[in-house]
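Chain residues, written in single-letter form:
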Amino acid sequence: MPQTDQIAADFAALCRAGKLEEAGEKYWAKNIISLEPMDGPMARSEGIDAVKAKSDWWYNAHDVHKVGVSGPAVNGDQFMLHFDLDVTEKESGKRMQMSEEALYKVADGKIVEERFFFSPQS
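Bear in mind the structure is a predicted one, so any value in this text is a computation, not a measurement.

Rules of the game
Residues numbered from 1 in each chain as written. Predicted model: local features only at pLDDT ≥ 70, side-chain atom pairs only at ≥ 80, totals over all residues. Heavy atoms only, no water. Salt bridge = Lys/Arg side-chain N within 4 Å of Asp/Glu carboxyl O. Buried < 20%, exposed > 50% of the residue type's maximum accessible area, 1.4 Å probe, protein only. Axes fitted to C-alpha atoms, helices over the stretch in contact; angles between N-to-C directions. Helix = DSSP H or I, 4+ residues; strand = E, 2+ residues; numbered from the N terminus. Parallel < 35°, antiparallel > 145°, perpendicular 65-115°, else oblique. Left-handed = near helix turned anticlockwise from the far one by under 90°. Contact = heavy atoms within 4.5 Å. Nonpolar A, V, L, I, M, F, W, Y, C, P; charged D, E, K, R; others polar. Phe/Tyr/Trp six-rings, centres within 6.5 Å; stacked < 30°, edge-to-face > 60°.

**Some remarks on the pattern of salt bridges**
Logical step 1: Going through the model one piece at a time under the given rule, you end up with eight salt bridges.
Logical step 2: Notably, a salt bridge pairs E46 with R44, separated by 2.8 Å at the nearest N-O pair.
Logical step 3: Taking relative accessible area as the criterion, E46 reaches 52% and is therefore assigned exposed.
Logical step 4: Relative accessible area serves as the criterion here: at 45%, R44 is assigned to the partly exposed category.
Logical step 5: Residues joined by salt bridges that share partners form a network here, namely E36, K54 and E114.

So, in structure tokens, the structure goes:
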């Protein structure tokens, strides 16, 4: 079974190559929990179907122009990536540059939790 550092390196490489959905398909556990720093129904998604639905919503609501990925930084069974995103909201047409940190927890060779952190906008 791959170690956390191996999973982190491969997951990051897939994300850097623009294969974020493929990275999720390869590494999300069936019982994954995804936590977003927001209110509402997608603040906590439980199970692979709910996390895929959240991901599908994101890609259907945004045109992604560029994704930058830094990391991974590994600590035990966890790793962190930094994402810089250049996206346009399809509904409003508003183009945004976003930055987020993502903390992933690994168990039995799969990501069992992902937690996202955003810097407050000024």
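**So, the packing of helix α1 (residues 4-16) against helix α2 (residues 20-27)**
Logical step 1: Interhelical geometry of α1 versus α2 gives an angle of 150° and a closest axis separation of 7 Å. Overall, the two elements α1 and α2 adopt an arrangement that is roughly antiparallel. α1 and α2 meet at a crossing whose hand is right-handed. Residue-level contacts link I7, D10, F11, L14 and C15 of α1 to L20, E22, A23, G24, K26 and Y27 of α2.
Logical step 2: Per-class residue counts for the contact of α1 with α2 are seven nonpolar, one polar and three charged.

**Thoughts on the environment of G109**
Logical step 1: Mapped onto the secondary structure, G109 falls in the loop between β5 (95-107) and β6 (110-118).
Logical step 2: Exposure remark for G109: the relative accessible area of 12% places this residue in the buried category.
Logical step 3: Beyond its immediate sequence surroundings of up to four residues, G109 is in contact with M1, I7 and Y27.

**Focus: the packing of aromatic side chains**
Logical step 1: Under the counting rule described, the total for this entry stands at six aromatic pairs.
Logical step 2: Ring geometry for F11 and Y27: centres 6.3 Å apart, planes at 65°, overall edge-to-face. Of this pair, F11 sits in helix α1 while Y27 sits in helix α2; the two residues are 16 residues apart in sequence, bridging distant segments of the chain. The same class applies to F11 as to Y27, namely buried.
Logical step 3: Centroid distance W57 to W58: 6.3 Å. Interplanar angle 55°. Geometry classified as tilted.
Logical step 4: Given the relative accessible area of 42%, W57 is considered partly exposed.
Logical step 5: Judged by relative accessible area, which is 22%, W58 ranks as partly exposed.

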